[in-house]
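Chains, contacts and geometry: an overview
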Amino acid sequence: MKLPQFSKTLHRLGFIAFLWLWLGTQAGQAQHYLKIKNVKQLYAFFERTPDRIPMVSAHRGGPSDGYPENCLATFQKVINAHPALIECDIRATKDQQLVMMHDRTLDRTTNGTGRVNDYTLAQLKKLKLKDNQGNLTSFKIPTLKETLLWAKDKTVLTLDIKRGVNGKQLVDLIRETRTEASVVLIVYNLKDAVKYHTLHPKLMISVSLRKPEDLNDLKKAGIPFQKLMAFVGVGKFKEDAQGDFSLKLRTDVIKAAHQQKITCTVGTMYSIDKAGKHDATVYQTIIKKFGGDILATDAPKAAYEAINSVAPANSSKQHYYQKK
């Protein structure tokens, strides 16, 4: 065997050995799955009930040191630690393939430069992802299809659909992979809620609510409340000179949504996460006092540990949670 070829073979064998070692390590860890078999069960899981189990939604997949955002290994790491929804972002490539990427450009999260939609999928697959500290990893940009198949029978993805994504293509891919019970589509206005409801009437939608009256508009548009979740905005944390804190949340919107049995997601990114990582009562107050149901967070582990301690001892939702 020629030396260059021998070196390549060793390199490949080394990578395979690493892959098996990594998979073995993952297999040895607990995995917290959501056992949701169909859309009917998905509706029931997210129906807001008094005994609901508060949850975290890992913003951009829950990145940490060595684990980039919008990366399958990162998603797996999160659900190895605790139950979680996975919030992630979809963008379109130059050749109209759908990949997981938050930014319009590649510079911050990969070793590439320029706009995502200036690259074909084949070109993007040659790049590597960076973690949030800017360290290059061995992980690649996943496609939406890869992500949907990963999530199937594991957890629920909340998909943030970026500008330029073809809605029909997205919905067709969900149909093709039969992952309707594993996704919630994030929309920010009534127009897009109607659009995706028309494209696939059974898909769950997370819609931004800015005032209680928004619910009337959704009802008039013919969108059943049973397939809706509400995003009530990113809350704000404020502390006074005495060390007491207050939280700014849309409590009127939360109350109105709960009256319709709609689960509410509160964004805790930025000031709340910064405080909550050091004081669990910050997260707990959102759940206990303000009625938040899901925390969309950049600190999923800290948020989960805080809210798990105030979860009900018994819940009609418990059978959906599975630990393997």
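See the structure shown above.
What you are looking at is a predicted structure, and each value in this text was computed from that prediction instead of being measured. (Residues numbered from 1 in each chain as written. Predicted model: local features only at pLDDT ≥ 70, side-chain atom pairs only at ≥ 80, totals over all residues. Heavy atoms only, no water.)

A few points about the packing of aromatic side chains
In plain terms, the rule: Ring pairs are drawn from Phe, Tyr and Trp, using the six-membered ring of Trp, whenever the two centres fall within 6.5 Å, and their geometry is named by plane angle: stacked under 30 degrees, edge-to-face over 60, tilted for the rest. A helix here means a DSSP run of H or I that spans at least four residues, while a strand means a run of E at least two residues long, and both kinds are numbered starting from the N terminus. When accessible area is computed with a 1.4 Å probe and restricted to protein chains, residues below 20% of their type maximum are described as buried, those above 50% as exposed, and intermediate ones as partly exposed. Only lysine NZ and arginine CZ atoms are considered, and such an atom sits over a ring when it is within 6 Å of the ring centre and within 35 degrees of the ring normal.
A complete count under the given rule lists 6 aromatic pairs for this structure. Measuring from centroid to centroid gives 5.6 Å for F75 and W150, while their planes differ by 55°, and the two rings are tilted. Here the residue F75 occupies a position in helix α3 (residues 72–81), and W150 occupies one in helix α5 (residues 144–151), the gap between them amounting to 75 residues. W150 gets classed as buried once you look at its relative accessible area, which sits at 11%. Three or more aromatic residues joined by ring pairs form one cluster here, namely F45, F46, Y320 and Y321. Lying over the aromatic face of Y67, K77 brings its terminal NZ or CZ to 5.3 Å of the ring centre.

Examining the environment of P63
To be explicit about the condition: Note on contacts: a residue pair qualifies if any of its non-hydrogen atoms lie within 4.5 Å across the two residues.
Here P63 shows up in the loop between β2 (55–58) and α3. Taking relative accessible area as the criterion, P63 reaches 18% and is therefore assigned buried. Along the backbone, P63 and T120 are 57 residues apart, and their C-alpha atoms lie at a distance of 25 Å. With sequence-adjacent residues up to four places away left out, P63 is seen in contact with P68, E69, T74 and N132.

Observations regarding helix α7 (residues 190–199)
The criterion, for reference: The directions considered for the arc run from the helix axis to the C-beta atoms. Under this definition, polar contacts are N or O atom pairs within 3.5 Å; protein pairs additionally need one hydrogen-donor-capable and one acceptor-capable atom, and for neighbouring residues in sequence, both atoms have to be side-chain atoms.
Of all the residues in α7, the buried ones are A193, Y196 and H197. What you see down the axis of α7 is that its buried residues fit within an arc of 105°, all on one side. Summarising the geometry of α7, the exposed residues directed more than 90 degrees from the buried face are K191 and T198. Among the structural elements, β5 (157–161), α6 (167–177), β6 (183–187), β7 (204–208) and α8 (214–220) are those in contact with the buried residues of α7. Near the N-terminus of α7, the side chain that reaches the backbone nitrogen of K191, with its oxygen 3.3 Å away, is that of N189.

Here's the deal with the environment of D214
When you line up the elements, D214 lands in helix α8. Among the residues examined, D214 registers a relative accessible area of 13% and is labelled buried. Among residues more than four places away in sequence, those in contact with D214 are S208 and L209.

Re α5
Within the sequence span of α5, burial applies to L144, T147, L148, W150 and A151. When α5 is viewed along its axis, its buried side chains cluster within an angular range of 160° and face the same direction. Summarising the contacts, the buried residues of α5 are in contact with α3, β3 (85–92), β4 (98–100), β5, α6 and β6. Where α5 terminates, the next one or two residues include D153, which has phi positive at roughly 65°.

Things to note about the layout of surface pockets
Selection rule: With a 1 Å grid laid over protein atoms only, a set of points is called a cavity when a 1.4 Å probe fits there but cannot get out and a pocket when it is open yet has protein on both sides within 12 Å along at least five of seven lines; lining residues have an atom within 4 Å of a point. Grid points are joined across faces, edges and corners, and a volume is the space filled by probe spheres set on the points.
Approximately 320 Å³ is the volume attributed to the second largest pocket. As for the second largest pocket, its lining consists of 22 residues, of which E87, I186, Y188, F231 and M269 are closest to the centre. Elements represented by at least two residues in the lining of the second largest pocket include exactly β3, β5, β6, β7, β8 (228–234) and β12 (294–297).

Points about the pattern of salt bridges
Which entries qualify depends on this criterion: When a carboxyl oxygen of Asp or Glu lies within 4 Å of a side-chain nitrogen of Lys or Arg, that pair is called a salt bridge.
On inspection of all chains with the given rule, the structure shows 15 salt bridges. We note a salt bridge from D293 to R48, for which the minimum N-O separation is 2.9 Å. With D293 in the loop between α11 (280–288) and β12 and R48 in the loop between α2 (39–46) and β2, this pair connects stretches of sequence that are 245 residues apart. D172 is the salt-bridge partner of R175, the closest N and O atoms lying 3.6 Å from each other.

Description of the nonpolar core
What counts is decided by this rule: Grouping buried Ala, Val, Leu, Ile, Met, Phe, Trp, Tyr and Cys residues that are joined through side-chain atoms within 4.5 Å yields what is termed a nonpolar core.
Judged by nonpolar contacts, the single largest core of 63 residues is most densely connected at I86, I90, L144, L157, L159 and L170. Look past the residues within four positions of L170 in its chain and what remains in contact with it is I90, L98, L144, L159, I161, V165, L185 and Y196. Listed in part, the 18 residues of the second largest apolar core include V39, I53, L85 and Y320.

Quick look at unusual backbone geometry
Located in the positive-phi region is N70, a residue other than glycine, with phi close to 50°. Of the residues examined, N70 reaches a relative accessible area of 2% and is grouped as buried. Even without being glycine, R178 reaches a positive phi, approximately 55°. Position of R178 among the secondary structure elements: in the loop between α6 and β6.

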